[in-house]
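If you want the building blocks of each chain, they are given just below.
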Amino acid sequence: MIEWRLPAHDKGQFEAPPEVLAAAHAMPDLFNVVGALRGVVHVATRGVVGVRVEGPLRVVVDARHMSRAVTLGLVLRDPDAALAAIPAEAAEDPDLLRVLAMAFCAATGRLLQRGPRRDYVPRSRPMDGIRGEVDLDRWHGPRSPDGGARPWCRFRERDADIPEHRILKAALKSLARLEILEGPLRRRAASLTEALAGVEAVAPPPAARERLRTTGLFSPYAEPVALARVLLEGLDGGGGGPSAGRGFLLDLDRLFERWLARELDTLAPPGWRVTAQEAVSISEPRLDRYLDVAVWDEGRRLHAILDAKNKTFKDAAPPPQDVHQLIAYMSALRCPRGALVGLHSLDRVATRTYTLAGGAGRLSVCRLPARGSMAHLAAGLREWWPAFLGAVG
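Residues numbered from 1 in each chain as written. Predicted model: local features only at pLDDT ≥ 70, side-chain atom pairs only at ≥ 80, totals over all residues. Heavy atoms only, no water.

(A) Summary view of the pattern of salt bridges. Under the defined criterion, the tally for this structure stands at 30 salt bridges. The partner of Arg-213 in a salt bridge is Asp-119, and the shortest N-O contact between them spans 2.3 Å. Linking Arg-213 in the loop between helix H8 (206-209) and helix H9 (222-235) with Asp-119 in strand S7 (residues 119-126), this pair joins segments that are 94 residues apart in sequence. Given a relative accessible area of 31%, Arg-213 falls into the partly exposed group. The exposure class assigned to Asp-119 is buried, which follows from its relative accessible area of 18%. Note that Glu-157 is salt-bridged to Arg-125, the shortest N-O span being 3.4 Å. Remark: Arg-125 occurs in strand S7 and Glu-157 occurs in strand S9 (residues 152-159); sequence separation between them is 32 residues. Judged by its relative accessible area of 17%, Glu-157 falls in the buried class. (Salt bridge = Lys/Arg side-chain N within 4 Å of Asp/Glu carboxyl O. Helix = DSSP H or I, 4+ residues; strand = E, 2+ residues; numbered from the N terminus. Buried < 20%, exposed > 50% of the residue type's maximum accessible area, 1.4 Å probe, protein only.)

Structure, rendered in structure tokens:
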């Protein structure tokens, strides 16, 4: 198998015989094929990181402008804990799937060594005698299909088949079946499923995963459950896309937007809201556009538009196309406040504010330090935010 390694939001060229070129064309969710000539293919990656396999080709894409700790911090509350149990050299492996699988198996192994918790689970089944309360929706006495010999009863019993264990087992079984992982990791995942015998390998739906218990008595579950959520999302290709079952992909652009909105929502003045990917109309009849991050005041008026960019701006001068898009939204929505929030490799946050001609408003450019820790990135955002509100207020 041929393997290509690329950073996100970058370009590369590789030798590609016909069967490899066909495989490259089958990966539009990971990169664009921008040209092919005389057995050499030119590709441009998107803001998606992970690993993808198609035919004879395996492609690994890693974050270009973010450290591994920041990459994991966008989806995990404690990336340092997730990486603590695996060797340092493995933590920097460009293959994010391998890193997360190792961290997940290590965290789940520690949890299961302590013994899985059992909790009261509601049950309903036919019993030899009355237990709990009769389930009248399923048992009709002598008129029941079996003559009512065994009444259906509703009751609660202590069991390990709880949602927190189900998501762990579903992620473990997915890894054990994943042929793009090396054998030792797959066998490790398979062996861990044996400690969850009797638990259904059916993960809760995505909307219910945030409600899984990870505090109090269930605090030991925080790390493995968080890793299981990330693995299942990525193994599904970000939601059942063409890569489902053939790779592990995370949309780093979208994760950066969500993180930015969550952080700023906690820093916004009382009564204000910060949202990600909210649809707004820029015309009549209605023509919707989705704003990366929108800041709404207490009167539900659009106060500022933020465009999140998972890339660097040299000397705080953003690319013209990014400036034009943001100014177009500001003009159409009559919002005089806008900001491009990107990244850089320096130690501190770097900002610059431009006053637009014709009284169109002000545009701020913010570059956050993304090559260190997650705390470093968040500190840069907190430093910039009050100055931005003051500068455009």
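(B) Region of the structure containing the sheet that holds S7. Within the open sheet, the three strands sit side by side as S7-S9-S8. Their pairing is antiparallel. The sheet is open, and its two edges are formed by S7 and strand S8 (133-134), each paired on a single side. Pairing between S7 and S9: eight bridges, direction antiparallel. Across the sheet, Arg-123 pairs through a bridge with Phe-155, a residue of S9. (Pairing = 2+ DSSP bridges.)

(C) Highlighting the environment of Val-199. Note on placement: Val-199 falls in the loop between helix H7 (183-193) and H8. In this structure the C-alpha to C-alpha distance between Val-199 and Leu-168, which are 31 residues apart in sequence, comes to 9.7 Å. For Val-199, the contacting residues outside a window of four places in its chain are Ala-160, Asp-161, His-165, Arg-166 and Lys-169. (Contact = heavy atoms within 4.5 Å.)

(D) Spatial organisation of helix H6 (residues 163-177). Here H6 is 15 residues long and its end C-alpha atoms lie 21 Å apart, about the 21 Å a rise of 1.5 Å per residue gives. Within H6, the full set of buried residues consists of Glu-164, His-165, Ile-167, Leu-168, Lys-169, Ala-170, Ala-171, Leu-172, Ser-174 and Leu-175. Along its buried surface, H6 packs onto helix H5 (96-113), H7, H8 and H9. (Expected span 1.5 Å × (residues − 1).)

(E) Representation of the nonpolar core in the model. One finds Trp-4, Leu-97, Phe-248, Trp-259, Leu-306, Leu-368 and Trp-384 to be the most contacted residues of the largest nonpolar core, which totals 103 residues. The element that contributes the greatest number of residues to this core is H5, accounting for eleven residues. Contact partners of Trp-384, with chain neighbours within four places excluded, come to Leu-306, Ala-339, Val-341, Val-349, Thr-351, Ser-364 and Cys-366. Ala-294, Val-323, Cys-335 and Val-365 belong to the second largest nonpolar core, which has 16 residues in total. (Core = buried A, V, L, I, M, F, W, Y, C linked by side-chain atoms within 4.5 Å.)

(F) Layout of the environment of Arg-5. Inspection of the secondary structure puts Arg-5 in strand S1 (residues 2-7). Note on Arg-5: relative accessible area 44%, which makes it partly exposed. Taking the C-alpha atoms as reference, Arg-5 lies 8.7 Å from Arg-58; in sequence the two are 53 residues apart. Look past the residues within four positions of Arg-5 in its chain and what remains in contact with it is Phe-14, Val-60, Asp-93 and Pro-94. In terms of polar contacts, Arg-5 uses its side chain to reach the side chain of Glu-3, at 2.8 Å. (Polar contact = N/O pair within 3.5 Å; in protein donor to acceptor, adjacent residues only side chain to side chain.)

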